Amino acid sequence: MTIQNRDEFLNQIAKSLGRPVRTKVELPVWKYCPQHEVLKNASQDELVEVLKQQCENIHTTFVQTTTADLPNVLHQVVNDYGGESVITWKDDRFEKFGVKKWMENLPENGIHFYEWNPDTPEENIRQAEKANIGITISETTLAESATAMLTSHPNRGRTMNFLPQKVIVLIPKSSIVPRMTQAAQKIRKQIEKGQQVPSCILFMSGPSNSADIESVLIVGVHGPVKATYIVIEDQ
């Protein structure tokens, strides 16, 4: 990519500010960093409890299980959400979590199942739009705000995050960190190592909501209107 007229642009800004052009910015060393102290010494179990409590505040159903019992738990949540249709990412971790076979058997229970296909983008959107339930996986989970970090990928489309009516997010226990601070640090380390960063990183805190009118919280403004977090203890 070619940047045109950059020097002229920067020179004009520097002139207006009455200082030389700064082409290199050094990260400041802050005297106080309170963001690093939040839940600093919390154990993984304590972070799970913080996440659970925050889920109540954001109207999100919290479930805790093991890999062995995950198919049964998913089956129950899908039924509670009315079944009908399920869309998932194309993700090898579903096999690791022991739910791949359960997903493939959904049509036998009268539930339409669709797996994201990077070769058919228009069909992916159509399926996501009409899906009752979407199942995704959190990359990093923020206990403080009960937020799941979902990253885009050719096999994990962005429309999966907001077009289905309901969403189920699988949360490996090991993915839970105190807050946004740790998620930002993780992304920064990827950039410093020259690793490819996803084009879209979504931080989702439960179902859609709005409090724009007199600060009255309305949940389910658009998709997803309901959300369930399933923490997998042994992952």
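Just so you know, the residues in each chain are numbered from 1, in the order the chain's sequence is written. Local features in a predicted model are, by the rule used here, given only for residues with pLDDT of at least 70; side-chain atom pairs are given and counted only at 80 or more, and totals for whole chains, interfaces and linings are based on all residues. Working from all heavy atoms in the structure, the side-chain values ignore hydrogens and water.

> I'd like to hear about the overall build of the chain, residue by residue, with values.
A tally of regular secondary structure across the chain gives 7 helices and 12 strands. In terms of overall dimensions, the chain has C-alpha extents of about 70 × 45 × 45 Å along its principal axes. Classification of the 235 residues of the chain by burial places 40% in the buried group. Contacts were defined at the residue level, with two residues in contact if any of their heavy atoms lie within 4.5 Å. Nonlocal contacts in the chain, meaning residues at least 24 apart in sequence, comprise 79% of its contacts between residues at least 6 apart. Here the open area of atoms and residues is found with the Shrake-Rupley method and a 1.4 Å probe, where only the protein chains shown may cover a residue. If you sum the accessible surface of the chain, you get close to 14,100 Å²; carbon and sulfur atoms cover 50% of it. Note that His is not counted, nor are the chain ends; the positive residues are Lys and Arg, and the negative ones are Asp and Glu. Lys charges are placed at NZ, Arg charges at CZ, Asp charges at CG and Glu charges at CD. If you average the places of the 25 positive and of the 28 negative side-chain charges in the chain, the two averages end up 9 Å apart. For helices the rule is a DSSP run of H or I covering at least 4 residues; for strands it is a run of E covering at least 2, with both sets numbered from the N terminus onward. With a 1.4 Å probe rolled over the protein chains alone, any residue whose accessible area is under 20% of its type maximum counts as buried; one over 50% counts as exposed, and the rest are partly exposed.

> So what about helix α2 (residues 44-57)? Which residues, and what values?
What a helix is expected to span follows from its residue count: subtract one and scale by 1.5 Å. Here α2 spans 20 Å end to end across 14 residues, near enough to the 20 Å set by a 1.5 Å rise per residue. Turning to α2, its buried residues are L47, V48, L51, Q54 and C55. End-on view of α2: buried residues confined to an arc of 130°, all on one side of the axis. Of the exposed residues in α2, the ones pointing more than 90 degrees away from its buried face are E56 and N57. Those residues of α2 that are buried are in contact with β1 (61-65), β5 (140-142), β7 (166-172), β8 (176-177) and β12 (226-232). Of the residues trailing α2, H59 is marked for its positive phi of about 60°. In this context, the arc is that of the directions from the helix axis out to the C-beta atoms.

> An account of the nonpolar core is requested, with residue identities and associated values reported.
Buried Ala, Val, Leu, Ile, Met, Phe, Trp, Tyr and Cys residues that are joined via side-chain atoms within 4.5 Å together make up what is termed a nonpolar core. Ranked by internal contacts, the top residues of the largest apolar core, which has 48 residues, are L51, L74, I135, I168, L170, Y229 and I230. Discounting chain neighbours no more than four positions away, the residues touching I230 are V63, T65, L70, V73, L74, V77, I168, V169, L170 and I171. Grouped together as the second largest cluster of nonpolar side chains are 5 residues, L142, M149, V177 and I187 included.

> Run through the side chain of D91, naming residues and quoting values.
For D91, the position within the fold is in the loop between β2 (85-88) and α4 (93-96). Nitrogen and oxygen atoms within 3.5 Å of one another constitute a polar contact, given that in protein one can donate a hydrogen and the other can accept it, and given that sequence-neighbouring residues count only through two side-chain atoms. Polar contacts involving the side chain of D91 include one to the side chain of R93, which spans 2.7 Å. Look past the residues within four positions of D91 in its chain and what remains in contact with it is I137 and R156.

> Please provide a residue-by-residue account of the side chain of Q235, values included.
Tracing the chain through its elements places Q235 in the segment after β12. Separated by 2.9 Å, the side chains of Q235 and T67 make a polar contact. Residues within four places of Q235 in sequence aside, it is in contact with T67, K96, F97, P172, K173 and S174.

> Before we move on, can you summarise the sheet that holds β5 with the specific residues and values?
Pairing is mixed across the open sheet formed by 4 strands, whose spatial order is β8-β5-β6-β9. Taken across any chain shown, the strands that pair with only one partner, and hence form the sheet edges, are β8 and β9 (201-204). In short, DSSP must find at least two bridges between two strands for them to pair. Bridge count for strand β6 (residues 147-151) against β9 is 4 bridges, and the pairing is antiparallel. Counterpart to L150 in the pairing with β9 is L202. Sheet strands in contact with helix α7 (residues 180-192) are β5, β6, β8 and β9, and its direction is about 155° off that of β5. The axes used here are C-alpha line fits, helices contributing only the stretch in contact, and every angle between their N-to-C directions lies in the interval 0 to 180 degrees.

> Go over the packing of aromatic side chains with me, naming the residues and quoting the values.
Geometry of aromatic contacts follows a simple scheme: Phe, Tyr and Trp rings, the Trp one being its six-membered ring, pair when their centres are within 6.5 Å, and the pair is stacked under 30 degrees between planes, edge-to-face over 60, tilted otherwise. By the definition in use, this model includes 0 aromatic pairs. For a lysine, the NZ atom is tested; for an arginine, the CZ atom; a charge sits over a ring if that atom is within 6 Å of the ring centre and within 35 degrees of the ring normal. Against the face of W89 rests R156, its NZ or CZ located 5.5 Å from the ring centre.

> Talk me through unusual backbone geometry; I want residue IDs and the actual numbers.
For H59, which is not glycine, the phi dihedral falls at a positive 60°. Look at H59 and you get partly exposed, because its relative accessible area is 47%. Even without being a glycine, E84 presents a positive backbone phi close to 70°. Locating E84 in the fold gives a position in the loop between α3 (70-80) and β2.

> Account for a nonpolar patch on the surface, naming residues and giving values.
Nonpolar side chains collect at one region of the surface, where F9, L10, I13, L17 and V21 lie side by side and expose about 420 Å² of accessible area between them. Among the structural elements, V21 can be located in the loop between α1 (6-17) and α2. Each patch is built from residues lacking any salt bridge and having more than 30% relative accessible area; the joining distance is 9 Å for like charges and 5 Å for nonpolar side chains (Val, Leu, Ile, Met, Phe, Trp, Tyr). In the sections that follow, a salt bridge refers to a side-chain nitrogen of Lys or Arg positioned within 4 Å of a carboxyl oxygen of Asp or Glu.

> I'd like to hear about the pattern of salt bridges, residue by residue, with values.
In the structure shown here, the tally under the stated rule is 10 salt bridges. In this structure, D45 and K173 form a salt bridge, with 2.4 Å as the shortest nitrogen-oxygen distance. Residue D45 is located in helix α2, and its partner K173 is located in the loop between β7 and β8; the two are separated by 128 residues in the primary sequence. On the basis of relative accessibility, which here comes to 16%, the residue K173 falls in the buried class. Close ionic contact of E139 with R93 constitutes a salt bridge, the shortest N to O distance being 2.9 Å. Remark: R93 occurs in helix α4 and E139 occurs in the loop between β4 (133-137) and β5; sequence separation between them is 46 residues. One connected set of salt bridges, linked through shared partners, spans D91, R93, E139 and R156.

Note that all results are geometric; they support no functional claim without further evidence.
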